[in-house]
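Survey of secondary and tertiary structure
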Amino acid sequence: KAQSLSNMANYIVDLDQENVGSLKQQIAKLFEESLRLTVPDELDVEPAIAPCQNPRFGDYQCNNAMGLWSKVKGKGTQFRGPQSIGQAIMKNLPSSEIIDSCSIAGPGFVNVVLSKQWIAKSIQRMLVNGIETWAPKLPIERAVVDFSSPNIAKEMHVGHLRSTIIGDTLARMLEYSNVNVLRRNHVGDWGTQFGMLIEYLFEMFPNGEVNDQAIGDLEAFYKASKQRFDSDPAFKERAQKAVVSLQGGEERYRTAWARICEISRRGYERVYERLGVELEEKGESFYNPYIPGALELLSQQGLIEESEGARVIFIEGKNIPLIVVKRDGGYNYASTDLAALWYRLNEEKVEWIIYVTDVGQREHFEMVFTAAKRAGWLPAEDNKYPKASHVGFGLVLGEDGKRFRTRSTETVKLVDLLDEAKSRCKTALIERGKAEQWTAEELDETAEAVGYGAVKYADLKNNRTTNYTFNFDQMLSDKGNTAVYLLYAHARICSIIRKSGKDIEELKKVGTLELAHPDERVLGLHLLQFAEIVEEACTNLFPNVLCEYLYNLSEDFTGFYTNCQVVGSSEEISRLLLCEATAVVMRKCFHLLGITPPPPS
Ligand code: ARG
């Protein structure tokens, strides 16, 4: 009792403590102090901290000695080589409850073994104060994530699905890190295709009796109008005039345009709703009024030139210039993106703009960003804010190695794809006899959570820049690195806790977490690395880093659970707390990846 009371006192103090940053940041802070003492003339040196390559030597290492040696040698230094710098770094480390012991390896690497009491205490503190206290600290307050962004009336294809899934998870990670995220759907609602669509609409419905049913499948409507456009020169001419009327704001044309957008929007909102993705639409049309002003600013900087009747920006190292005003005087994708960039920086005052599209658009964004840098809108250095980043991703391939198509040959119906994931899950659950144990709603809810989660995870676990093969059997397998396996692992941990019959909320307050067994320590350290992994994933914009972390976490849990008896052991309380911490971190990973764990059953 006395012990648990003193623990309680601890937490009261800790509750007031501010968020101290990730484990890596905390270690870096200690080394920063040491470096200041060791090499007082080299104040710009940042501590280089990394997990140990070989866990036999320790948990983390400081890699500054070699680099410092090449800086100070020949400057009359007291040091004899990198190793003696390493020794000094080690000696000058401030005493801290974080570190258990240090050693030097090779040419001055300082290896650190963390205190397992401290690891245990940090985890327990998280259990009491919540996983939000482990949020990474980022140097920005507001960001735009520009993602999904399908084109009105054209098909929303798997590329847009990838953008939606990747963009959502990046937004979630930034939001968790207390960044205010503007989730932008930069839909293509302003292209020249609208002239054609509107003209066709007028032709089909001369009395304006248009409704959803009448247009029916917008993609088919698009195709039909395109055919008309390509085959009838008179129609083509009318369509081109219609663009001018629309952009000039003529009522009849605006109304038809809004109508078409509305029908299209309803289509893609069904996808977002299934995926649980929030987006705010600010389509290309929104930025149209800002284009002249933005181009004027670029012009004042002398960036815009005349070339073959068009107005362009030449970018060093690129064969073709960025066209900002077409020969016919119209604006395009690039002019819109320049205006949107200006708007986001100056009106929305964001520090970071993240664009999620396929890698095919890399060139476009490189040119837009370079133009913005030359205009002084963005700093020239990539490591400074405000910053613009393109998050490119590869193709989705089918079993045949070609671009993925769903069964219907006409178009890729994303909703059908998601529905199929769900129905396959449902079938698998029924085969496992769940229909008898669960209500119809439970069955449905679980199939949905697992099915959609599987589609998301299969996408996110790959390095986004590579192509990936869409395969239902693989993503819905309960073995290997899949959402199904991970959700199952999480459910198993929850059931261990439940079956112990202990009140875990009570244990968090009165129990003590210890990491006596080596496998407990491995798991504990992995848990504590959560914040730095999220930080890495969202600063380098690679969600697969978080997937890998989650998968390894479940592996570490298996190692622990295989070798450490939980229920009925003398360490039961401590081990239940470790189970709970694992479940909490896993749930946060699921949340950040946009996966909903099904309700416990
Ligand atoms: N609508 C575009 C497409 O489907 C993507 C837009 C990306 N965002 C942007 N600001 N350009 O390819």
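Each value, and the rule that gives it
- Residue indices begin from 1 for each chain and proceed along its sequence in written order.
- Only residues with pLDDT of 70 or above have their local features reported here, since the model is predicted, and side-chain atom pairs are shown and tallied only from 80 upward, although totals for entire chains, interfaces and linings are computed over all residues.
- Should DSSP find at least two bridges between two strands, the strands are regarded as paired.
- A run of H or I in DSSP becomes a helix once it reaches four residues, and a run of E becomes a strand once it reaches two; helices and strands are each numbered from the N terminus.
- The contact criterion used here is simple: two residues whose C-beta atoms, placed from the backbone, lie within 7 Å are in contact.
- Orientation is described by lines fitted to C-alpha atoms, with helices fitted over the stretch in contact, and by angles between N-to-C directions that extend from 0 to 180 degrees.
- UniProt positions are given in the numbering used here, feature names are shortened, and annotations may be inferred rather than shown by experiment.
- By the criterion used throughout, a crossover qualifies as right-handed when its path from the first strand across the helix to the second strand runs clockwise, the strands pointing away from the viewer.
- Here is the check we use: build the C-beta atom from the backbone, and if it is within 6 Å of the molecule or strand, call the residue near.
- Under this grouping Gly is polar, as are all residues other than the nonpolar Ala, Val, Leu, Ile, Met, Phe, Trp, Tyr, Cys and Pro and the charged Asp, Glu, Lys and Arg.
- We define a nonpolar core as a collection of buried residues of the types Ala, Val, Leu, Ile, Met, Phe, Trp, Tyr and Cys that are connected via C-beta atoms lying within 7 Å of each other.
- Burial in this document is a count-based property: other C-beta atoms within 10 Å of a residue's C-beta are tallied, and the residue is buried at 20 or more, exposed at 12 or fewer, or partly exposed in between, with C-beta positions derived from the backbone.
- Note that the term roughly parallel is reserved for angles under 35 degrees, roughly antiparallel for angles over 145, roughly perpendicular for angles of 65 to 115, and oblique for everything else.
- Take the residue count of a helix, subtract one, and multiply by 1.5 Å to get its expected span.
- Directions pointing from the helix axis toward each C-beta atom define the arc.
- Confidence scores labelled pLDDT are given residue by residue by the predictor and lie between 0 and 100.

So, the sheet that holds strand S11 (residues 352-358)
Here five strands make up an open sheet; going across it, the order is S7-S6-S5-S11-S12 and the pairing parallel. For this open sheet the edge positions go to strand S7 (280-281) and strand S12 (387-393), each flanked by a neighbour on one side alone. On the sheet, helix H15 (residues 362-374) packs against S11 and S12 and is oriented at approximately 175° with respect to S12.

Section: the UniProt feature "domain: Arginyl tRNA synthetase N-terminal" (unreviewed entry) in the chain
The feature "domain: Arginyl tRNA synthetase N-terminal" (unreviewed entry), as annotated in UniProt, sits at residues 25-114 in this numbering. Secondary structure content for residues 25-114 is 37% helix and 21% strand, while the C-alpha to C-alpha distance between its ends is 14 Å.

Brief notes about the pairing of strand S6 (residues 180-185)
Here strand S5 (residues 142-146) runs beside S6; their pairing, made up of five bridges, is parallel. Within S6, the residue paired with Asp146 across the bridge is Arg184. Once the chain exits S5 it traverses helix H6 (residues 158-176) before rejoining the sheet at S6, and the crossover so formed is right-handed. Summarising the sheet, S6 and S7 pair through two bridges and their orientation is parallel. Looking across to S7, one finds that Asn185 is bridged to Glu281.

Details of the site of the ligand
Inspection of the region around the ligand gives Asp146, Ser149, Pro150, Asn151, His186, Gly188, Asp337, Ala340, Tyr355 and Thr357 as its neighbouring residues. Tallied by class, the residues present in the shell around the ligand amount to three nonpolar, five polar and two charged.

A look at the sheet that holds strand S2 (residues 60-62)
If you trace the four strands from one edge of the open sheet to the other, you get S1-S2-S4-S3, paired in antiparallel fashion. In this open sheet, the two edge strands, each paired with only one partner strand, are strand S1 (49-51) and strand S3 (99-105). Put simply, the sheet's adjacent strands are angled 30° from each other on average, direction ignored. Bridge count for S2 against strand S4 (residues 109-114) is three bridges, and the pairing is antiparallel. Residue pairing for S4: Gln61 is matched across the bridge by Asn111. Sheet contacts for helix H4 (residues 82-91): S2, S3 and S4; angle to S3, the most-contacted strand, approximately 170°.

What about the UniProt feature "domain: DALR anticodon binding" (unreviewed entry) in the chain?
The UniProt feature table records "domain: DALR anticodon binding" (unreviewed entry) at residues 486-597. Measuring from the first to the last C-alpha atom of residues 486-597 gives 10 Å, for a span that is 75% helix and 0% strand.

Describing the nonpolar core
Ranked by size, the top nonpolar core spans 139 residues in total, and within it Leu338, Ile354, Ala371, Ala454 and Val534 carry the most contacts. Element by element, the count of residues in this core is highest for helix H25 (residues 572-592), at eleven residues. Those residues in contact with Ile354 that sit more than four places away from it in its chain are Ala143, Val144, Val145, Asp146, Leu170, Ser389, Val391 and Leu541. In this structure, Ile152, Phe229, Ala242 and Ile263 belong to the second largest nonpolar core, which totals 21 residues.

Considerations on the packing of helix H23 (residues 530-539) against helix H24 (residues 544-563)
Contact geometry for H23 and H24: axes closest at 8 Å, N-to-C directions at 155°. One element, H23, and the other, H24, form an angle in the roughly antiparallel class. On H24, the residues that touch Ile533, Val534, Glu536 and Ala537 of H23 are Val545, Leu546 and Tyr549. The residue inventory of the contact of H23 with H24, partitioned by class, reads six nonpolar, no polar and one charged.

Quick word on the pairing of S5
With respect to burial, S5 is a largely interior element, four of its five residues being buried. Pairing of S5 with S11 involves four bridges; the strand directions are parallel. Looking at S11, one finds that Ala143 is bridged to Trp352.

Remarks on helix H10 (residues 233-247)
Its 15 residues place the ends of H10 22 Å apart at the C-alpha level, agreeing with the 21 Å of an ideal helix rising 1.5 Å per residue. For H10, the full list of buried residues reads Ala239, Ala242, Val243 and Leu246. The buried residues of H10 all sit within an arc of 105° when viewed along its axis, so they share a single face. Looking at H10, the residues exposed on the side facing more than 90 degrees away from the buried face are Pro233, Ala234 and Glu237. The elements touched by buried residues of H10 are helix H7 (193-204), helix H9 (218-231) and helix H11 (251-275). One or two residues past the end of H10 sits Gly249, with phi positive at roughly 90°.

Some points on the environment of Ser225
Mapped onto the elements of the fold, Ser225 is located in helix H9. Overall, Ser225 belongs to the buried group, with 23 C-beta atoms counted inside 10 Å. Separated by 27 residues in the primary sequence, Ser225 and Ile198 place their C-alpha atoms 9.1 Å from one another.

Observations regarding the confidence of the model for the chain
Per-chain confidence: the chain averages 92 in pLDDT, with 94% of residues scoring 70 or above. Taken as a whole, residues 1-17 scores under 50 in pLDDT and shows eight contacts with residues more than four places along the chain or in a different chain. A low-confidence stretch, residues 408-412 stays under pLDDT 50, and its non-local contacts, those more than four residues away or across chains, total eight contacts. Across the interface, the model reports ipTM at 0.99; the global pTM reads 0.93.

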